[in-house]
Amino acid sequence: MTSVTGLDAHRDRFDGEIQGIEAGAGINTAILKAIDNDLAGLGDWDLRESSTAAMLAQAERKMADSEFWLGIALDER
């Protein structure tokens, strides 16, 4: 996935959960606003705010178990 558009169609794969980064980060605020306003069908999704290290550890565990995982990624090109 490269966009939130169409993400809700795959809710079951991600257990309706987005792994965020540090609480108060701008991207988390934007995701919470999207959830609160049910943008792109995200109204019933949850954002798990945590440290970047915790997010990456969660990603590593999920990928090691061949499970789907949804988290924040930034492209700084």
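Being a predicted model, the structure only gives us computed values, none of them experimental.

Assigned secondary structure in the chain consists of 2 helices and 2 strands. Ordered by position in the sequence, the α and β elements of the chain form the string β-α-β-α. Scaling as 2.2 N^0.38, a compact globule of 77 residues should have a C-alpha radius of gyration of about 11 Å, and the chain matches this with 12 Å. Along the first, second and third principal axes, the C-alpha atoms of the chain reach 30 × 25 × 25 Å.

Its location among the elements puts Leu32 in helix α1 (residues 26-36). Look at Leu32 and you get partly exposed, because its relative accessible area is 34%. It is 8.4 Å that separates the C-alpha atoms of Leu32 and Asp46, two residues lying 14 residues apart in sequence. Not counting chain neighbours up to four residues away, the residues in contact with Leu32 comprise Leu47 and Glu49.

On to the pattern of salt bridges. The tally for this structure, following the rule as stated, stands at 3 salt bridges. A salt bridge links Asp44 to Arg11; the nearest nitrogen and oxygen atoms lie 3.3 Å apart. Linking Asp44 in the loop between α1 and β2 (46-48) with Arg11 in the segment before β1 (17-19), this pair joins segments that are 33 residues apart in sequence. Overall, Arg11 belongs to the partly exposed group, its relative accessible area being 26%. Measuring nitrogen to oxygen at the nearest pair gives 3.1 Å for the salt bridge that ties Lys62 to Glu67. With relative accessibility at 17%, the residue Lys62 sits in the buried group.

Conventions used here
Residues numbered from 1 in each chain as written. Predicted model: local features only at pLDDT ≥ 70, side-chain atom pairs only at ≥ 80, totals over all residues. Heavy atoms only, no water. Helix = DSSP H or I, 4+ residues; strand = E, 2+ residues; numbered from the N terminus. Rg over C-alpha atoms; globule rule 2.2 N^0.38 Å. Buried < 20%, exposed > 50% of the residue type's maximum accessible area, 1.4 Å probe, protein only. Contact = heavy atoms within 4.5 Å. Salt bridge = Lys/Arg side-chain N within 4 Å of Asp/Glu carboxyl O.

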